[in-house]
Amino acid sequence: MYEFDIKSPSKLGKAVRMLRKHEDAQVLGGGQTLIPTLKQRLAAPSVLVSLAKIDKLKGISSDSGTVTVGAGTCHADVAADDTISALSALAGGIGDPAVRNRGTIGGSLANNDPSACYPAAALGLGATIVTSARDIAADDYFQGLFETALDETEIITSVTFPIPDAAAYVKFDQPASRFALVGVFVSRKGSDVRVAVTGASEDGVFRWAGAEEALSANFAPEALDGLTPSGDMIGDIHGSPEYRAHLVGVMAKRAVAAC
Amino acid sequence: MAQVKMTVNGKAVSAPAEGRMLLSTYLREALGMTGTHVGCDTGQCGVCAVHVDGKLVKSCNMFAAEAEGAEVTTVEGMANEDGSLGAIQQAFQDHHGLQCGFCTPGMVMAASALLKVNSKPTEAEVRAHLSGNLCRCTGYHNIVKAIMAASGQDVAVAAE
Ligand SMILES: Cc1cc2nc3c(=O)[nH]c(=O)nc-3n(C[C@H](O)[C@H](O)[C@H](O)COP(=O)(O)OP(=O)(O)OC[C@H]3O[C@@H](n4cnc5c(N)ncnc54)[C@H](O)[C@@H]3O)c2cc1C
Ligand code: FES
Ligand code: FES
């Protein structure tokens, strides 16, 4: 790691000011992705602005229609809250217990790893990503591999999820890392069906329009018979593009069956 | 360099630490407590696991500065007051839960974090809880047996 200072402001406004002041400052969430990245010298910030002391960013609240998760809430805390059971199951399936005690929802969404789990929940539930500057609909937020709508001095403060009538996330674990080799999040709210796919596409998390249309007509696993997503799928040592495309269909059917 | 203070195994400690100093480095090099091991140094293997404010974390994936003011427990804190092996450690010895012993500090800390919140875990829960702890020697069966035994359960159920 290159040298840097760690600052731990207790107020969000101060954290944003620090990011503006130091040109190469970077936010530190749970560090579960950023620390390994720093060790590989793939990032060289002069200052890390830790969000850990900003209490306002932690915790989960809900009202009749939505659940709001503070950006600094760790995966273990989301796993323990059962308001949207598909969301808690997803959080409880991330990595391992130690990762879940440190990693945060804000860090996961800011990072937008193409194989990460939370992006599928945000897109699959039609969440709103709330930042220090604005509200961003999930449909506008994810912009490709590790790319998001965030600008450099913007901090995610919370994520608001509409409570669905039914939802499920099914992932096929990459056995070594436990990231999603392919993961599919399906939700239904009234007549609105959303299907979000992670781990599969060269463009990162995406909504599978063909499946949404088929499931809107008939919300049953058979409705997906013969359907495969279009677009470029990831091919690597863990699976070919064809294998991943096939897995998307299988995971989607399992998710519908689990709804 | 900033002075970083915390409580380790009930004792107040303080040592200088650069921003980039990992908690694992702070424990091993600044405090000379080498019970906490470092294996992969990338957050994958779990041998560096400790408790920070009661929660299991990988100390190679957290900065020392972030543990300022925290209560940290390491494997050195798992023995009984008189220095004899604690219940989990004793179960690892009795059930041959270690061979080279390199992964053992992380396994013991993971086991203790689990038993604090789930005093009678099923075998499946034990295995799921160890998903972030790698062992290259034992094949895990005896580790699972040791944890079942430490929770006062019949180890035969973990024998298949
Ligand atoms: C062994 C292991 C297994 C894992 N398995 C999985 C898995 O199965 N599924 C999965 O989805 N993930 C997995 N992860 C990743 C994990 O979920 C991370 O917690 C997550 O990707 C990053 O969150 P963090 O809080 O640790 O962020 P950090 O590592 O601190 O930060 C990541 C990035 O986000 C930025 N950032 C952090 N917080 C904010 C914020 N509030 N606003 C704006 N920017 C911010 C940082 O500047 C950095 O660029 C795994 C990680 C490890 C080490
Ligand atoms: S040394 Fe920390 S996880 Fe391997
Ligand atoms: S006993 Fe050797 S690595 Fe586990």
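Residues numbered from 1 in each chain as written. Chains lettered and ligands numbered in written order. Predicted model: local features only at pLDDT ≥ 70, side-chain atom pairs only at ≥ 80, totals over all residues. Heavy atoms only, no water.

Undergrad: I tried to follow the site of ligand 1 on my own but got confused; where do I start?
TA: Around ligand 1 sit 33 residues in total, of which Val27(A), Leu34(A), Thr104(A), Cys117(A) and Arg178(A) are the nearest. More than one chain approaches ligand 1, the contributing ones being chains A and B. Here Gln32(A) contributes a backbone N or O atom positioned 2.8 Å from an oxygen atom of ligand 1. Protein contacts shield 95% of the accessible area of ligand 1, which totals 970 Å² for the unbound molecule. For the shell around ligand 1, the secondary-structure elements that each account for two or more residues are β2 (26-28) and α6 (105-111) of chain A. Sorting elements by how many residues they give to the shell around ligand 1 places α6(A) first, with four residues. (Near = heavy atom within 4 Å. Polar contact = N/O pair within 3.5 Å; in protein donor to acceptor, adjacent residues only side chain to side chain. Areas by Shrake-Rupley, 256 points an atom, 1.4 Å probe, with all protein chains shown as cover. Helix = DSSP H or I, 4+ residues; strand = E, 2+ residues; numbered from the N terminus.)

Undergrad: Would you explain the domain arrangement of chain A in this entry?
TA: Interface size, as often reported, equals the accessible area lost upon joining of the parts. Residue and element names in this part refer to chain A. Each assigned domain of chain A is listed with its residue range as follows: domain 1 (5-50), domain 2 (55-162) and domain 3 (166-258). Taking the mean C-alpha position of each, domain 2 and domain 3 sit 19 Å from one another. The interface is formed by 24 residues belonging to domain 2 together with 22 residues belonging to domain 3. Here domain 2 meets domain 3 over a buried area of about 1800 Å², counting both sides, of which 63% is carbon and sulfur. Linking domain 2 with domain 3 are three salt bridges, by the criterion used here. We note a salt bridge from Asp 139 to Arg 207, for which the minimum N-O separation is 3.2 Å. Where domain 2 meets domain 3, there are 11 residue pairs in polar contact (both at pLDDT 80 or more). When contributions to the side of domain 2 that touches domain 3 are tallied by element, the ones reaching two or more residues are α4 (85-92) and α7 (118-125). (Domains from an automatic or database assignment. Contact = heavy atoms within 4.5 Å. Buried area = accessible area lost by both parts, 1.4 Å probe. Salt bridge = Lys/Arg side-chain N within 4 Å of Asp/Glu carboxyl O.)

Undergrad: Would you take a moment to explain the sheet that holds strand β9 (residues 166-173) of chain A for this structure?
TA: Sheets are built from strands that pair by backbone hydrogen bonding, the pairs being arranged parallel or antiparallel. Residues and elements named next belong to chain A. Across the sheet, which stays open at both edges, the four strands sit in the order β9-β10-β11-β12 with antiparallel pairing between neighbours. The two strands at the open ends of the sheet, each matched to only one other strand, are β9 and β12 (206-207). Two elements, strand β11 (residues 192-198) and β12, share two bridges in a ladder whose sense is antiparallel. Bridge pairing links Val 197 to Phe 206 in β12. With respect to the sheet, helix α9 (residues 209-217) is in contact with β10 (180-189), β11 and β12, its orientation differing from that of β11 by roughly 150°. (Pairing = 2+ DSSP bridges. Axes fitted to C-alpha atoms, helices over the stretch in contact; angles between N-to-C directions.)

Undergrad: Looking at this structure, I do not really get a negative patch on the surface. What am I missing?
TA: Together, Glu23(A), Asp24(A), Asp151(A) and Glu152(A) give the surface a local cluster of negative charge. Turning to its location among the elements, Glu23(A) is positioned in the loop between α1 (12-21) and β2. (Patch = residues over 30% accessible without salt bridge, like charges linked within 9 Å, V, L, I, M, F, W, Y side chains within 5 Å. Lys, Arg positive; Asp, Glu negative; His and termini not counted. Charge placed at Lys NZ, Arg CZ, Asp CG, Glu CD.)

Undergrad: Looking at this structure, how should I read the packing of aromatic side chains?
TA: The geometry of two aromatic rings is summed up by the distance between their centres and the angle between their planes. On inspection of all chains with the given rule, the structure shows three aromatic pairs over all chains. Aromatic pair Phe4(A) and Phe63(B): ring centres 5.4 Å apart, planes at 75°, arrangement edge-to-face. Highlighted residues: Phe4(A) in the segment before β1 (5-7) and Phe63(B) in the loop between β4 (55-58) and β5 (71-73), drawn from two different chains. (Phe/Tyr/Trp six-rings, centres within 6.5 Å; stacked < 30°, edge-to-face > 60°.)

Undergrad: Looking at this structure, how should I read the sheet that holds β2(A)?
TA: Residues and elements named next belong to chain A. If you walk across this open sheet you meet the three strands as β1-β3-β2, and the pairing is parallel. Every other strand in the sheet has two partners, leaving β1 and β2 as the edge strands with one partner each. Each strand axis lies, on average, 35° off the axis of its neighbour in the sheet, ignoring direction. Note that β1 and strand β3 (residues 47-50) share three bridges and pair parallel. Residue pairing in the sheet places Asp 5 in a bridge with Val 47 of β3. Relative to β3, α1 is tilted by about 165°, and along the sheet it contacts β1, β2 and β3.

Undergrad: Would you mind showing me how to read the interface of chain B and chain A here?
TA: On the side of chain A, 24 residues touch chain B, which itself brings 20 residues to the contact. Between chain B and chain A lies a buried interface of about 1900 Å² when both sides are counted; carbon and sulfur atoms form 55% of it. If you sort the residues of chain B by the area they bury against chain A, Arg20(B), Asn61(B) and Phe63(B) come out on top, with a joint share of 33%. Where chain B touches chain A, the interface holds four salt bridges. A salt bridge links Asp41(B) to Lys39(A), with the shortest nitrogen-to-oxygen separation between them at 2.9 Å. The interface formed by chain B and chain A contains eight residue pairs in polar contact (both at pLDDT 80 or more). Of all the elements in the fold, those that place two or more residues in the side of chain B that touches chain A are β4 and α4 (123-129) of chain B.

Undergrad: Even after reading the chapter, I still don't get the packing of helix α2 (residues 87-94) of chain B against helix α5 (residues 141-150) of chain B, so can you show me in this structure?
TA: Two numbers describe a pair of packed helices, the interaxial angle and the distance between the axes. All names here are of chain B. For the pair α2 and α5, interaxial distance at closest approach is 8 Å and the crossing angle is 135°. Overall, the two elements α2 and α5 adopt an arrangement that is oblique. Note on packing geometry: the crossing formed by α2 with α5 is right-handed. Residues Ala 87, Ile 88, Ala 91 and Phe 92 of α2 pack against Ile 143, Ala 146, Ile 147 and Ala 150 of α5. Split into classes, the residues belonging to the contact of α2 with α5 amount to eight nonpolar, no polar and no charged. (Parallel < 35°, antiparallel > 145°, perpendicular 65-115°, else oblique. Left-handed = near helix turned anticlockwise from the far one by under 90°. Nonpolar A, V, L, I, M, F, W, Y, C, P; charged D, E, K, R; others polar.)

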